[in-house]
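Breakdown of the fold
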Amino acid sequence: MITTITLNVAIDKAYVVDDFAKNTVTRVQTCTNTAGGKGLNVSKVIQLCGEDITATGFVGGHAGAYVEDLLREFDIKTDFVHTKSETRSCINILASDGSSTEFLEPGAPVTPEEAALLYAKIDQLIEQSDVITISGSVPVGIETSIYADLIAKIKKKGRPVILDTSGELLVKGIAACPTLIKPNIEELEALLGIPLTNQEEVIDAACKLHELGIAYITVSLGADGALLVCKEGVFHGKPPKITPVNTVGCGDSMVGAFAVALSRGLAPEEMLRYGVAVSAANALTMATGYFRAEDVARLLPDVSVTQVL
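Now for the overall build of the protein chain. Along its length, the protein chain carries 10 helices and 15 strands. The C-alpha radius of gyration computed for the protein chain amounts to 19 Å, which stays within 12% of the reference 19 Å derived for 309 residues, consistent with globular compactness. Projected onto its principal axes, the C-alpha positions of the protein chain cover 50 × 45 × 40 Å. Each of the 309 residues in the protein chain was classed as buried or not, and the buried ones make up 52%. Contacts in the protein chain between residues far apart in sequence, at least 24 positions, make up 66% of those at least 6 positions apart. Surface accessibility of the protein chain: about 13,600 Å² in total, with carbon and sulfur atoms responsible for 53%. With 25 positive and 38 negative side-chain charges, the protein chain shows a separation of 3 Å between the mean positions of the two kinds.

Next comes the structure, spelled out in structure tokens:
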């Protein structure tokens, strides 16, 4: 079983509009509601890949109950801590020119008692899990050291753990040496405090993080795929050319695919190939954290993986 940890759950609302501009009335053509927060996108992808999944974190109020209903539609098992505060909503406005504008609510406060319940729940779930993922931001009331604390707990039990976050959460989290992290180039620059202007510099930066004791460093490169740095070398996975519909959730889809790959014991090259294919397949649908199995089957043989170092 794979467990996903999402502390800042949301209802993700995708609004499709003709055009979007300030100081105007904009009529929405279609609205799609999905269970959101980066870790829940990961959860949906893991379930679509055919693996057992339990999603945990915080949910609250009517919005939190709706999130659980949405996850049940995906046959995803949940084991959340229920909070007194209401689960947030996040809005993504998709215009006909291909632009995407996101409005992300911060997440309502969590009490110390609710945080203690979460720690106890995760202690139980670790015992049942083959892989654990930790994704996204945290609500008010949660210390930025929480991911480092959780990683230490998980590693003490000998389980692989994937961390996908940013800012201070990432800085403190990598000090605990998770099994895999997935920064983009901007996050790498922020971590090391230097500009990265070419692939050689990106690889060198990722290798520095690998030397800290992080087994796998995956650097997302957008349409150019991703790099993977590990003890076996440095690999570049590139998808075939596609016409994306919605790129929101592609990074989360890659994390889900990597979690599945770790649980299946895939070699690094195949792990990267699978992650890039699933990420590209997510871009071919309007839904976030979703792909069609036939798209992955079609894309997978055409993902090129080359060893660059």
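Continuing now.
Considered as a void within the structure, the second largest pocket measures approximately 240 Å³ in volume. Lining the second largest pocket are 14 residues, and of these Leu 94, Ala 95, Gly 98, Ser 99 and Val 245 sit closest to its centre. Looking at the lining of the second largest pocket, its residues break down into seven nonpolar, six polar and one charged.

What follows concerns the packing of aromatic side chains. Ring pairs (aromatic) are described by centroid distance and by the angle formed between their planes. This structure, assessed with the given rule, holds two aromatic pairs. Taking 6.5 Å as the distance between ring centres and 75° as the angle between the ring planes, the aromatic pair formed by Phe 74 and Tyr 290 counts as edge-to-face. Of this pair, Phe 74 sits in the loop between helix H2 (61-73) and strand E5 (77-78) while Tyr 290 is found in the loop between helix H9 (268-282) and helix H10 (293-299), placing the two residues 216 residues apart along the sequence. Taking the relative accessible area as the measure of exposure, Phe 74 reaches 25% and is therefore partly exposed. Between Lys 44 and the ring centre of Phe 74, over which it is positioned, the NZ or CZ distance is 5.9 Å.

Once that is clear, we can look at empty space enclosed by the protein. Taken as a whole and judged by the stated rule, the model has two cavities of 30 Å³ or more. Within this model, the largest cavity holds a volume of roughly 110 Å³. No other element matches strand E4 (residues 53-60), which puts three residues into the lining of the largest cavity. What lines the second largest cavity is simply Leu 163, Asp 164, Thr 165, Leu 170, Ile 181, Lys 182, Pro 183 and Glu 187. Of the residues assigned to the lining of the second largest cavity, the class counts are four nonpolar, one polar and three charged.

On to the nonpolar core, then. Membership of the largest hydrophobic core comes to 48 residues, with the highest contact counts inside it found for Leu 40, Val 67 and Leu 272. Counting only elements with at least two residues in this core, the list comes to helix H1 (38-48), E4, H2, strand E13 (226-230), helix H8 (250-264), H9 and H10. When near neighbours in sequence (up to four residues on either side) are disregarded, Leu 40 contacts Thr 6, Val 9, Ala 35, Ala 55, Val 67, Leu 71 and Phe 80. In this structure, Leu 7, Ile 142, Tyr 147 and Leu 209 belong to the second largest nonpolar core, which totals 42 residues.

Structurally, the position occupied by Met 286 is in the loop between H9 and H10. Sequence separation between Met 286 and Ala 55 is 231 residues, and the spatial gap between their C-alpha atoms is 23 Å. Once residues within four sequence positions are removed from consideration, Met 286 is found in contact with Val 16, Leu 94, Val 245 and Asn 246.

A few words on the side chain of Ser 135. Assignment of secondary structure puts Ser 135 in strand E9 (residues 131-135). Contacts of Ser 135, omitting those with residues within four sequence positions, involve Ile 5, Thr 6, Lys 38, Gly 39, Val 42, Tyr 147 and Asp 164.

Turning our eyes to something else, we now look at the pattern of salt bridges. Pairing between side chains of opposite charge can happen when their charged atoms approach one another. For the coordinates displayed, the defined rule picks out 13 salt bridges. With a shortest N-O distance of 3.1 Å, Glu 168 and Lys 172 are connected by a salt bridge. Within this pair, Glu 168 and its partner Lys 172 are both found in helix H5 (residues 167-174), separated by four residues, close to a single helical turn. Overall, the relative accessible area of 45% leaves Glu 168 in the partly exposed class. On the basis of relative accessible area, Lys 172 is assigned to the partly exposed category, the value being 31%. Connected through shared salt-bridge partners, Lys 38, Asp 164 and Asp 252 make up one network.

What follows concerns unusual backbone geometry. At Asn 23, a position not held by glycine, the phi torsion is positive, near 60°. Mapped onto the elements of the fold, Asn 23 is located in the loop between strand E2 (10-17) and strand E3 (30-36). A relative accessible area of 83% means that Asn 23 is categorised as exposed. If you check the backbone angles, Cys 177 has positive phi at about 60° while not being a glycine. Position of Cys 177 among the secondary structure elements: in the loop between H5 and strand E11 (180-181).

Cut-offs and rules
- Residues numbered from 1 in each chain as written.
- Predicted model: local features only at pLDDT ≥ 70, side-chain atom pairs only at ≥ 80, totals over all residues.
- Heavy atoms only, no water.
- Helix = DSSP H or I, 4+ residues; strand = E, 2+ residues; numbered from the N terminus.
- Rg over C-alpha atoms; globule rule 2.2 N^0.38 Å.
- Buried < 20%, exposed > 50% of the residue type's maximum accessible area, 1.4 Å probe, protein only.
- Contact = heavy atoms within 4.5 Å.
- Areas by Shrake-Rupley, 256 points an atom, 1.4 Å probe, with all protein chains shown as cover.
- Lys, Arg positive; Asp, Glu negative; His and termini not counted.
- Charge placed at Lys NZ, Arg CZ, Asp CG, Glu CD.
- 1 Å grid on protein atoms, 1.4 Å probe; cavity = no way out; pocket = protein on both sides within 12 Å on 5 of 7 lines; lining within 4 Å.
- Points joined across faces, edges and corners; volume = space filled by probe spheres on them.
- Nonpolar A, V, L, I, M, F, W, Y, C, P; charged D, E, K, R; others polar.
- Phe/Tyr/Trp six-rings, centres within 6.5 Å; stacked < 30°, edge-to-face > 60°.
- Lys NZ or Arg CZ within 6 Å of the ring centre and 35° of its normal.
- Core = buried A, V, L, I, M, F, W, Y, C linked by side-chain atoms within 4.5 Å.
- Salt bridge = Lys/Arg side-chain N within 4 Å of Asp/Glu carboxyl O.

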